[in-house]
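# What the coordinates show
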Amino acid sequence: MTTTGFRTETIDVTPQLATRWLERNTSNRPMSKLMVTQLADAMMRGEWLHTHQGIAFDTNGVLVDGQHRLAAVVKSGSTVRMQVTHGVEPKTFAVLDTGRKRSARDVLSLQGEENAAQLASALRVHHLYTTNPDSTWTGGQSQVTNEQIIEFLAAHPGMRASVELAKSLNKAFRILVPAAAVGHYLTCSTRPDVDQFAWLEGLETGANLTEHDPRLLLRNVILRLSAGKSTAKADGSRNQLHLYLKAWNAWVHGAEVRQLNIKAAESMPMVTVRPWNDTRP
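Below: a short report on this structure.

### Section: the overall build of the protein
- Check the secondary structure of the protein and you find 11 helices and four strands.
- Counting all 281 residues of the protein, 46% fall into the buried class.
- Pairs at least 24 apart in sequence give 72% of the contacts found in the protein among residues at least 6 apart.
- Split by element, the accessible area of the protein, about 15000 Å² in all, is 51% carbon and sulfur.

Below, the structure written as structure tokens:
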């Protein structure tokens, strides 16, 4: 039974039309510049998808839903297809758009991926390392869309196995799973000539490692951090990935390390291309 006078149509919303409709935005909550930027960036990358969610006007012609989508159309200069609904009762404004947005974890879980939360986090870290390695990975610079996560998994399916391995390293010495997964994946994919067995065994067990072995230093830094006994800049996946790659590069070079830390303004390490000496312990 129909109880409302809703009328919904599909419209290609141009920046000019979006500008006119935003003039009818008199009762919405304050606009989030970050959300507008995220939506606009997705539109410019061609990631915008036509769904049931769109724009809504009440019976008085006031815009009650979709201000961020319209502002993103204006900001991006894109024309996108949306559902536009007219005749919404003004009292429904209080319950519009209060649902939780699906996270990357939700999307991966719905696709049947195992370890969905850890895989989503690792893919985000991998994307940021690849696209913007020396940013802080906070605020607007840290935003990675669900579409980018899905595309990155399709391009890097080996991340699934790296997440599984990283879970073992996490149990061994508390390193964050995203940092260990991305560190493992990057080193394996960039340097397939390097046998990782000794590296991983040393990290997992810590057995028979000399005082200045990069594996032992990496274990100790992370363990001190997890115990709250370290003031090193090793909090968060970005910094732990930095330490992982720095230690791995030193190990491949056969170098002894007296300190493992992150210096001020130090760039995120790239995986070393120097030849590997496979006689090292």
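And the narrative resumes.
### Side note on the sheet that holds strand E4 (residues 80-88)
- Strand order in the open sheet made by the four strands is E1-E4-E2-E3, with mixed pairing throughout. Lying at the two open borders of the sheet, with one neighbouring strand each, are strand E1 (7-13) and strand E3 (63-65). The average undirected angle you get between the axes of adjacent strands in this sheet is 35°.
- Two strands pair when backbone bridges link them, and strand E2 (residues 54-58) and E4 are joined in this way by four bridges, in the parallel orientation. Counterpart to aspartate 58 in the pairing with E4 is valine 88.
- Strands in contact with helix H3 (residues 67-76) are E1, E2, E3 and E4; relative to E3, the strand with the most contacts, it is inclined by about 105°.

### A word on the side chain of serine 76
- Residue position: serine 76 is located in helix H3.
- A distance of 3.3 Å separates a polar side-chain atom of serine 76 from the backbone oxygen of valine 73.
- When neighbours within four sequence positions are excluded, serine 76 is seen to be in contact with Ala40, Met43 and Met44.

Cut-offs used in this document
- Residues numbered from 1 in each chain as written.
- Predicted model: local features only at pLDDT ≥ 70, side-chain atom pairs only at ≥ 80, totals over all residues.
- Heavy atoms only, no water.
- Helix = DSSP H or I, 4+ residues; strand = E, 2+ residues; numbered from the N terminus.
- Buried < 20%, exposed > 50% of the residue type's maximum accessible area, 1.4 Å probe, protein only.
- Contact = heavy atoms within 4.5 Å.
- Areas by Shrake-Rupley, 256 points an atom, 1.4 Å probe, with all protein chains shown as cover.
- Pairing = 2+ DSSP bridges.
- Axes fitted to C-alpha atoms, helices over the stretch in contact; angles between N-to-C directions.
- Polar contact = N/O pair within 3.5 Å; in protein donor to acceptor, adjacent residues only side chain to side chain.

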